[in-house]
Amino acid sequence: MLHIKCPHCGLRSQNEFSYGGDATVKRPELNKEVSDQDWDNFVYLRKSPRGKHLELWQHISGCRQWIKVERDTLTHEIFKTLKANEEAQ
Ligand SMILES: [Zn+2]
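Parameters and conventions
Residues numbered from 1 in each chain as written. Predicted model: local features only at pLDDT ≥ 70, side-chain atom pairs only at ≥ 80, totals over all residues. Helix = DSSP H or I, 4+ residues; strand = E, 2+ residues; numbered from the N terminus. Contact = placed C-beta atoms within 7 Å. Pairing = 2+ DSSP bridges. Axes fitted to C-alpha atoms, helices over the stretch in contact; angles between N-to-C directions. Buried ≥ 20, exposed ≤ 12 C-beta atoms within 10 Å, placed from the backbone.

1. Re the overall build of the protein chain
Counting its secondary structure elements, the protein chain contains one helix and six strands. From first element to last, N terminus to C terminus, the protein chain shows the α and β order β-β-β-α-β-β-β. The dimensions of the protein chain, computed from C-alpha atoms along their principal axes, are 45 × 25 × 25 Å. Restricting to contacts in the protein chain with at least 6 residues of sequence separation, those with at least 24 account for 49%.

2. A closer look at the sheet that holds strand 4 (residues 52-58)
Ordered by their spatial adjacency, four strands build an open sheet running 3-4-5-6, and the pairing between neighbours is antiparallel. The sheet is open, and its two edges are formed by strand 3 (18-22) and strand 6 (78-83), each paired on a single side. Strand-to-strand twist across the sheet, computed as the mean angle between neighbouring axes with direction ignored, equals 30°. In the sheet, strand 3 pairs with strand 4 via four bridges, with the strands oriented antiparallel. When the bridges of strand 4 are listed, Y19 appears paired with W57.

3. Notes on unusual backbone geometry
The backbone of N31 shows a phi angle near 60°, a positive value even though the residue is not glycine. Residue position: N31 is located in the loop between strand 3 and helix 1 (36-44). Residue N31 is classed as exposed on the basis of its 4 C-beta neighbours within 10 Å.

4. Some words on the environment of T81
Within the fold, T81 resides in strand 6. Contact partners of T81, with chain neighbours within four places excluded, come to I4, K5, C6, P7, I67, K68 and V69.

The following block contains the structure:
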């Protein structure tokens, strides 16, 4: 079982969190022309990386905040966690 350090609550069990997907996906800019293909890619296409990856998780049984987790998808090692509005270095 993973233990995730919520930036708001501290170290908690993975059971308190829900996985929210890839944190590197950027929404197309507002008020700009977006092709159907670009919109489809944003909505449906996701990579399945092997190794270090930045993910979104929600602390559903705690503060309910969305956070970013930098995790190795192969070893499940967690390198760092950030508030949702913080940028990874
Ligand atoms: Zn929390």
